[in-house]
Amino acid sequence: MSLKEDLLERLIADGDYVNGEQLAADLGKSRAAVWKAVKALQKEGWDIAAVRNRGYRLSESNDLLSAARVNRFLNRDIEVLYYPVIDSTNNEAKRLLADNGAQLPALIVANEQSAGRGRQGKSFYSPADTGIYFSFVTEPKVSLQNAVGATTAAAVAVCRAIEGLTDAKPQIKWVNDVYLNGAKICGILTEAVTDFESGTVSAVIIGIGINISTLTFPEEVENAGCLGRKIQRAELVGAIARELLEIAFCDTAEYIDYYRSHSMLLGRKINFIENGRVTPATALAIDERGGLTVKTENGEIKTLRSGEISIRPI
């Protein structure tokens, strides 16, 4: 890593003032080099206090992202890769897996996505500084064997983390969106990586994008909102990752009741869109595997499982 990265990690880990002379000795650099690195970090937007005879301290008000900052909020030693700008964290996960460049589980975090992706080929608006965009990459587990199961787990992780850090009460729209006060604040895109020779799933990529303070959206983005709470973005990434690490080793039955209790569809009339056909129905239940059971207007009961089905509340 560069001196800037080493210095930032040290300041994050200490959380208090660190003497410049001690930093220079620990990092194997001159005090002048440390001072220049501090100035460079401040220029990038990091709020670092410099006090004579006390040293340097990273302010708690910082909301910039970094691998070291996310790591501070994790309870397990997993690989965290951070990018100021990237096309898509899911795309990067695929590239790393193809090159055997990721130790699983791993987190790929970005401050901005230039080509963020949603389900069914849609884009996900991912501006700099106002949201969190990351991919959680892991080996397939019992509850992560299919897109619906993995997305169900991710929605639970997002809602639990938000409720643990704020006073917000998010709801889940089957299968991949999290809403707050009637507006979408989070999208989830789950993708499986298949081993060509064995035909089995070798990794699961769960991409999550959350609007934290984004206030303006492109015209084509419908019904979007933001969390609108003062929160450290790195802390929220860490909290969601901790939930995902726990859920990845659980059976769906251990968290499906939470998912049901946060559903915004149960008991409501909906339209589900499958293969281009719109069918009016009533959402009845969420089954043990995360499928949505509905009753159509002609009385047919069916359970929706495909990630290619879209739901529209009426």
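Here the structure is shown first, and the text comes after it.
About the criteria used
Residues numbered from 1 in each chain as written. Predicted model: local features only at pLDDT ≥ 70, side-chain atom pairs only at ≥ 80, totals over all residues. Heavy atoms only, no water. Helix = DSSP H or I, 4+ residues; strand = E, 2+ residues; numbered from the N terminus. Rg over C-alpha atoms; globule rule 2.2 N^0.38 Å. Buried < 20%, exposed > 50% of the residue type's maximum accessible area, 1.4 Å probe, protein only. Expected span 1.5 Å × (residues − 1). Core = buried A, V, L, I, M, F, W, Y, C linked by side-chain atoms within 4.5 Å. Contact = heavy atoms within 4.5 Å. Pairing = 2+ DSSP bridges. Axes fitted to C-alpha atoms, helices over the stretch in contact; angles between N-to-C directions. Arc of directions from axis to C-beta. Polar contact = N/O pair within 3.5 Å; in protein donor to acceptor, adjacent residues only side chain to side chain.

Would you mind showing me how to read the overall build of the protein chain here?
Broken down by element type, the protein chain carries eight helices and 14 strands. A compact globule built from 314 residues would reach a C-alpha radius of gyration of about 20 Å, and the protein chain, at 21 Å, matches this within 12%. Dimensions of the protein chain, computed from the C-alpha atoms along their principal axes, are close to 80 × 45 × 35 Å. For the protein chain, with 314 residues in total, the buried portion stands at 49%.

What exactly am I supposed to notice about helix α6 (residues 147-165) here?
Residue pairs three or four apart in sequence face the same way in an α-helix, which turns once every 3.6 residues. The first and last C-alpha atoms of α6 sit 27 Å apart over 19 residues, in line with the 27 Å expected at 1.5 Å per residue. A large share of α6 lies buried, amounting to 14 of its 19 residues.

Can you walk me through the nonpolar core in this structure?
The nonpolar side chains of soluble globular proteins are, as a tendency, buried together. Leu107, Trp174, Ile208, Leu236, Ile240 and Leu292 are the most contacted members of the largest nonpolar core, which totals 65 residues. Broken down by element, this core gets its largest block of residues, eleven residues, from α6. In contact with Ile240, other than residues within four places in its own chain, are Ile132, Phe134, Ala157, Val158, Ala161, Ile208 and Ile210. One finds Leu11, Ala37, Val38 and Tyr56 within the second-largest nonpolar core, a separate group that totals 17 residues.

Whenever I open this one, the pairing of strand β12 (residues 292-296) confuses me. Can you help?
Side chains on a regular strand alternate between the two faces of the sheet. Where burial is concerned, most of β12 is hidden: four out of the five residues are buried. The pairing of strand β11 (residues 277-286) with β12 spans five bridges and is classified as antiparallel. From the neighbouring strand, Ala285 faces β12, where its bridge partner is Thr293. Pairing between β12 and strand β13 (residues 301-304): four bridges, direction antiparallel. Residue pairing across strands places Leu292 opposite Leu304, the latter belonging to β13.

What am I meant to see in the sheet that holds strand β10 (residues 269-274) here?
Adjacent strands of a sheet form backbone hydrogen bonds with each other and so pair up, either parallel or antiparallel. Spatial strand order, β13-β12-β11-β10-β14: five strands in an open sheet with antiparallel pairing. The open sheet is flanked by β13 and β14 (310-313), the only strands paired with a single partner. Sheet twist, expressed as the average angle between the axes of neighbouring strands with direction ignored, equals 45°. Two strands pair when backbone bridges link them, and β10 and β14 are joined in this way by four bridges, in the antiparallel orientation. Each residue of the ladder has a partner; that of Asn271, found in β14, is Arg312.

Quick question: what am I supposed to make of helix α5 (residues 89-98) here?
Those residues of α5 that fall on the buried side of the exposure criterion are Thr89, Asn90, Glu92, Ala93, Leu96 and Leu97. For α5, the buried positions fall inside an angular range of 160° around the axis, keeping them on one side. Where α5 is buried, its residues contact β3 (79-83), β4 (106-110), β5 (131-138), β8 (183-194) and β9 (201-211). The backbone nitrogen of Asn90 lies 3.2 Å from a side-chain oxygen of the residue at the head of α5, namely Ser88. One or two residues past the end of α5 sits Asn100, with phi positive at roughly 55°.

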